[in-house]
Amino acid sequence: MAAGIKASPEAAKKLLDSLQNDLRLLSTESKRKHPEVKESAEMIQLKLRTISAKHEGNVIAGLVPASSEIVQPFVLGCETKNPKLLQVCLTCVQRLVSYEAISTSAAERIINMLWSLMESGLEELKLLQTAILLLTTNSVVQHDALAKALVLCFRLHFTKDSTTINTAAATIKQLVSAILDRVVAEDKIPTTEPSEPLNFEELKAGSKSPPKSLRPCAGDAYLLFQDLCQLVNADQPFWLTGMTEMTRTFGLELLESVLTSYPVIFSLHPEFSFLLKEKVCPLVIKLFSPSLKYRQGLPPPPSPAPVEKPFFPIVMRLLRIVGILIKNFYSLLITECEIFLSLLVKFLEPEKPTWQRCLALEVLHKLSVQPELLKCFCQCYDMKQHSTKIFRDIVNALGAFIQSQFMTISGVPTVQSGSKMPDTQGTPPALVAGMPVGGGVSPQPAFMYRGVWIPLVTTIPQGQTRAVFLEMLDKIDAPTIPEGYGVTIAFHCLLELVSSVRILVLGEIEDKSAGGQYKPAAKILLAKTATADKEEDKSVASTGEKELQEELINSSWCGMLAALSLLLDASTDESATEAILKSQESYAMLCGHLGLKMPRDAFITALCKASLPPHYTLTILNVQNNQNPKGVAFNRTPSQDLQAATESVERSQVVAVGTALPTASLPAGAYQGPVMLTAKNIQCMRALLSLAHCHGDILDTAWHLVLTTLQHLVWILGLKPSSGGSLKAGQQISDTSNTVITTAVMADLPVLSAMLSRLFESSQYIEDVALHHLTDALCKLSTESMELAYTNRDSTNENF
């Protein structure tokens, strides 16, 4: 707009006419009480006529050199403090600025005029309007004059009038952006001047003069950012002289806005990246001190100084900055980011206030959806011998957080909160066989474990990275955290981490059909046509990439399996259960893809156990568990096992009652009575079939695990071979069946039968080695059944 005004003779003529009218009005209004203003106004009228005649083609070009004189009557008019004259003078000055008709010296005179009015408390909103125009229309205001204009706005931010305070805050944010925009524009202009060598010792000391290696606009921005750090740290500014006060919250918001919007400046200029390392990071770590030392519910340590409580507005803004530093500046701050990530993990500890734990979870959620960042964490930390295992610690901390929410003392849920949690915590709605009591009532999605009921906050969909409490910039007191919010965020963090690891190992190849189910085997990994491509990919992938992929799994699988198994056990919601099962399938597949047998079998074992009735003890599954030295599940006592069996009925509707299949894999006399399958068991059985069908190539010796589990499930469901080779419900062909199938699962039986049939049909697509393992597993099952039949003639033959 301004460039158009300069280029238009009509616009220039309009400016001149307006100035002449304003000067006549100024002369008239001031002739009695302020003759010096009248005299100056009349002199400038004559000067404008001369400029108009001399620069007829380009009046603006004539106004700029004379602008320091032209503003004189307006400066004098403002000095009178007369309200009517003030309005006229400030309007004229704004018009000159907007037409870019002022020089650097004129701009300095205007700033001094505005400063005087600010100190007198006059026309504060008009001053802010003028300052915005002065600093954003062009770059004539630089260096000390620029600093003075900024200080003027900061001073107005700390007046008593709320409208002025809010307007000044918006003005400052706009001006800070404008100053950084100048640097971006300056960087685009080529320069032939040799750059000065950097003296980092001088930078450490701080100065009101910018580094000589920076060009003018970059120098001003450097001094501004340096002083923002000084002010937030409660130190005196070097450049913004005249600053009398500054709130830490506002200073942190300004730092955040710069770091968010201008990462390229910090990457291009070592002077700015120096400020990041030497000023911003130490400042953030220092301000986190109260949050690290504070232990909620614990007696204060013996010390003369009381432990300072963490302050929500500060902690929230610090965590916002931490998220940005990790996201935008990771490559510049590898060591510092290790500290920040360790802090995030530490903030999840039970003795921290709940709001602080949830803020940390929201930051982790934002990081979990960025595969490349997770890759960097693994490369720079987990794969280094003497470094913190950051990726492992994040996964473990999420699992530990979730587990801590289910911990109870004498049946009362443990509350670790900065504010009292609702009294409904741990109290589920009335359920009978997993269904709500009362007509037309849908059960709220939730997790239930060891008598503790935690609702799932369904307003936060998977993949949604918008944080709730990190956005509460207007809050002073710590908010009350909704029940179940922390577990919900941690749950979504785990799901996103699985998705990110999948991308890092396989690339963006997740192929889904309608309903989110993975397409059959031949579509992705199992087709023989894809085998050649896969081998080619392996040859292209470097050894380093393979090591990275293995480390991603090795660092995370124990914690991931423990957390997902707990959530699967506790889930009362079909959609949540499906998401957990997909994550377990993914990890089992990724482990198999990388040839990591132990974690693959651990995830498959978990799926198998989840498919079977509560504490249905197959010896083959226990053997697999015992092979895992690290332990991947939360252990339970026999009494808790009984409680889990009861809860499984409360969590999910019983859909089938049958008898246990007496086999070598089932301890003798283990089950005398009936066993129950729930809707969740059937859902898990589908997931197990999906894994075997889509990823049979990678099951290897785990085929025996899978087929043994399916063998028992088919028996419990009473499925019998029909004449066409498919399986059908036993009670449809025999009245003597001991199996009771509810109508809720009758529609699922044909689907499960078809999936079982396709499982063997799709074996034509798998590789020769995988086919050998499948055949070997079938032979083992057959041998086991024959041996059992031989020793116990009354035993029923196996079903495959």
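Calculation criteria
- In every chain, residue numbers begin from 1 and rise along the written sequence.
- Whole-chain, interface and lining totals are the exception, using all residues; otherwise, since this is a predicted model, local features are given only for residues with pLDDT of at least 70 and side-chain atom pairs are given and counted only at 80 or more.
- Excluding hydrogens and water, the side-chain figures rest on all heavy atoms present in the structure.
- UniProt positions are given in the numbering used here, feature names are shortened, and annotations may be inferred rather than shown by experiment.
- For the purposes of this entry, the term helix denotes a DSSP run of H or I that reaches at least four residues, the term strand denotes a run of E that reaches at least two, and both are numbered from the N terminus.
- For each residue, the accessible area found with a 1.4 Å probe, counting protein chains only, is set against the maximum for its type, and the residue is called buried under 20%, exposed over 50%, and partly exposed in between.
- Two residues qualify as a contact provided that any one of their heavy atoms is within 4.5 Å of a heavy atom in the partner residue.
- Working definition of accessibility: Shrake-Rupley area with a 1.4 Å probe, residue cover restricted to the visible protein chains.
- Between rings of Phe, Tyr and Trp, where Trp is taken as its six-membered ring, a pair exists when centres lie within 6.5 Å; planes separated by under 30 degrees are stacked, by over 60 edge-to-face, and by other angles tilted.
- Between the N-to-C directions of two axes lies an angle of 0 to 180 degrees, each axis being a line fitted to C-alpha atoms and, for a helix, fitted only over the stretch in contact.
- By the definition adopted for this analysis, an angle is roughly parallel if under 35 degrees, roughly antiparallel if over 145, roughly perpendicular if from 65 to 115, and oblique otherwise.
- Handedness of a crossing is defined here by the sense of rotation of the near helix relative to the far one, left-handed for an anticlockwise turn of less than a right angle and right-handed for a clockwise turn.
- Under the scheme applied, nonpolar residues are Ala, Val, Leu, Ile, Met, Phe, Trp, Tyr, Cys and Pro; charged residues are Asp, Glu, Lys and Arg; polar residues are all the others, including Gly.
- Any carboxyl oxygen of Asp or Glu that lies within 4 Å of a side-chain nitrogen of Lys or Arg is treated as forming a salt bridge with it.
- At least two bridges found by DSSP between two strands is the condition for calling them paired.
- Expected span of a helix: the number of residues minus one, times 1.5 Å.
- Two N or O atoms form a polar contact when they lie within 3.5 Å of each other; inside protein one atom must be a possible hydrogen donor and the other a possible acceptor, and for residues adjacent in sequence the pair counts only when both atoms belong to side chains.
- Confidence scores labelled pLDDT are given residue by residue by the predictor and lie between 0 and 100.
- Under this rule, positive means Lys or Arg and negative means Asp or Glu; His and the chain ends count for nothing.

The name given to the protein in an unreviewed UniProt entry is Protein MON2 homolog, with the source organism recorded as Pomacea canaliculata. In UniProt, the protein has this text filed under Sequence similarities (unreviewed entry): "Belongs to the MON2 family."

Participant: Quick question: what am I supposed to make of the overall build of the protein here?
Facilitator: Regarding its fold elements, the protein presents 33 helices and 11 strands. Within the protein, buried positions represent 52% of all 800 residues. Taking all contacts inside the protein whose residues are at least 6 apart in sequence as the whole, residues at least 24 apart take part in 75%. Counting only carbon and sulfur atoms, one obtains 54% of the accessible surface of the protein, whose full area is about 35300 Å².

Participant: Even after reading the chapter, I still don't get the packing of aromatic side chains, so can you show me in this structure?
Facilitator: The way to describe two aromatic rings as a pair is by their centre distance and the angle between their planes. If you walk through the whole model with that rule in mind, you get 15 aromatic pairs. Where phenylalanine 200 meets phenylalanine 274, the ring centres are 5.6 Å apart and the plane angle is 35°; that geometry is what we call tilted. In this pair, phenylalanine 200 is assigned in helix H11 (residues 200–205) and phenylalanine 274 in helix H15 (residues 270–287), connecting sequence segments 74 residues apart. On the basis of relative accessible area, phenylalanine 274 is assigned to the buried category, the value being 6%. Aromatic side chains phenylalanine 312 and tryptophan 355 sit 5.4 Å apart centroid to centroid with 80° between the ring planes, which places their arrangement in the edge-to-face category. Of the two residues, phenylalanine 312 is situated in helix H17 (residues 312–329) and tryptophan 355 in helix H19 (residues 354–368); the sequence distance between them amounts to 43 residues. What makes tryptophan 355 buried here is its relative accessible area of 7%. Chaining the aromatic ring pairs together yields one cluster made of Tyr222, Phe225, Phe266, Phe272 and Phe329.

Participant: Sorry, what's going on with the packing of helix H24 (residues 543–570) against helix H25 (residues 574–593) here?
Facilitator: Helix packing for two helices is described by the angle between their axes and how far apart those axes are. Remark: H24 packs on H25, axes separated minimally by 10 Å, with the N-to-C direction vectors making an angle of 155°. Here H24 is positioned roughly antiparallel relative to H25, judged by the angle of their axes. Considering only the axes of H24 and H25, their crossing is left-handed. In this structure, H24 uses Leu552, Ile553, Ser556, Trp557, Met560, Leu561, Leu564, Ser565, Leu567 and Leu568 to contact H25, whose residues at the interface are Thr577, Ile580, Leu581, Ser583, Gln584, Tyr587, Leu590 and Cys591. Of the residues in the contact of H24 with H25, the class split is 13 nonpolar, 5 polar and no charged.

Participant: In this structure, what is going on with the environment of lysine 13? I would like to understand it.
Facilitator: One can find lysine 13 in helix H2 (residues 9–30). The exposure class assigned to lysine 13 is exposed, which follows from its relative accessible area of 51%. Sequence separation of lysine 13 and asparagine 58 is 45 residues, and the distance between their C-alpha atoms is 9.7 Å.

Participant: What's the story with the pattern of salt bridges in this structure? I'm lost.
Facilitator: Any two side chains of opposite charge can pair, given that their charged atoms come close. Enumeration over the complete set of coordinates arrives at 18 salt bridges. One salt bridge in this structure joins lysine 47 and glutamate 69, with 3.8 Å as the shortest N-O distance. On the criterion of sequence distance, the pair formed by lysine 47 in helix H3 (residues 35–54) and glutamate 69 in helix H4 (residues 59–70) is long-range, its members being 22 residues apart. Taking relative accessible area as the criterion, lysine 47 reaches 27% and is therefore assigned partly exposed. Residues participating in the shared-partner salt-bridge network are Lys173, Glu253 and Arg317.

Participant: Can you walk me through unusual backbone geometry in this structure?
Facilitator: As a rule of thumb, non-glycine residues mostly have phi less than zero, and peptide bonds are mostly trans rather than cis. Even without being a glycine, glutamate 123 presents a positive backbone phi close to 45°. Locating glutamate 123 in the fold gives a position in the loop between helix H7 (104–120) and helix H8 (124–136). Judged by its relative accessible area of 26%, glutamate 123 is partly exposed. Notably, arginine 450 is not glycine yet its phi reads approximately 50°, a positive angle. Looking at the secondary structure, you find arginine 450 in the loop between strand E5 (446–449) and strand E6 (452–455).

Participant: Can you help me understand the sheet that holds strand E7 (residues 654–658) in this one?
Facilitator: Hydrogen bonds between backbone atoms are what pair the strands of a sheet, whose relative direction is either parallel or antiparallel. Spatially, the 3 strands line up as an open sheet ordered E8-E7-E11, and their pairing is antiparallel. The open sheet is flanked by strand E8 (675–678) and strand E11 (740–741), the only strands paired with a single partner. Judged from the 4 bridges that link them, E7 and E8 form a sheet pairing that is antiparallel. The residue bridging valine 654 from the neighbouring strand is threonine 678, located in E8. Relative to the sheet, helix H29 (residues 679–694) contacts E7 and E8, its axis offset from that of E8 by approximately 70°.

Participant: Quick question: what am I supposed to make of helix H6 (residues 83–98) here?
Facilitator: The α-helix advances 3.6 residues per turn, and as a result positions three or four apart in sequence lie on the same side. An ideal rise of 1.5 Å per residue puts 22 Å on 16 residues; H6 measures up with 23 Å between its terminal C-alpha atoms. Residues of H6 that are buried include every one of Leu85, Leu86, Val88, Cys89, Leu90, Cys92, Val93, Gln94, Leu96 and Val97, and no others. Buried residues along H6 sit against H2, H4, helix H5 (72–79), H7 and H8. Two or three places before lysine 84, at the opening of H6, asparagine 82 has a side-chain oxygen 2.9 Å from that residue's backbone nitrogen. One or two positions beyond H6, positive phi appears at glutamate 100, with a value near 55°.

Participant: In this structure, what is going on with the packing of helix H12 (residues 216–232) against helix H13 (residues 248–261)? I would like to understand it.
Facilitator: Between H12 and H13, the shortest axis-to-axis distance is 9 Å and the interhelical angle comes to 150°. The orientation of H12 with respect to H13, classified from their angle, is roughly antiparallel. Crossing geometry of H12 relative to H13 is assigned as left-handed. In this structure, H12 uses Phe225, Leu228, Cys229 and Val232 to contact H13, whose residues at the interface are Arg248, Gly251, Leu252, Leu254, Leu255, Val258 and Leu259.

Participant: What am I meant to see in the confidence of the model for the protein here?
Facilitator: Averaged over every residue, the pLDDT of the protein is 83; the share at 70 or more is 80%. Note on residues 409–427: pLDDT under 50 across the span, and 37 contacts to partners over four residues away in sequence or across chains.

Participant: When you look at the side chain of threonine 709 in this model, what are you seeing that I'm missing?
Facilitator: In this fold, threonine 709 is placed in helix H30 (residues 703–717). Overall, the relative accessible area of 0% leaves threonine 709 in the buried class. Apart from the residues lying within four places of it in its own chain, the contact partners of threonine 709 are Cys608, Ser611, Leu612, Leu618, Leu621 and Leu688.

Participant: Can you walk me through the side chain of lysine 279 in this structure?
Facilitator: Here lysine 279 is to be found in helix H15. The buried charged residue lysine 279 lacks any salt bridge partner; its closest oppositely charged side chain belongs to aspartate 235, at an N-O distance of 6.5 Å. A distance of 3.3 Å separates the side chain of lysine 279 from the side chain of glutamine 230, its partner in a polar contact. With near-sequence residues (within four places) excluded, lysine 279 lies in contact with Lys204, Cys229, Gln230 and Phe274.

Participant: Whenever I open this one, the environment of leucine 691 confuses me. Can you help?
Facilitator: Along the polypeptide, leucine 691 turns up in helix H29. Those residues in contact with leucine 691, other than ones at most four positions away along the chain, are Glu585, Ala588, Met589, Ile604, Leu607, Gly696 and Leu699.

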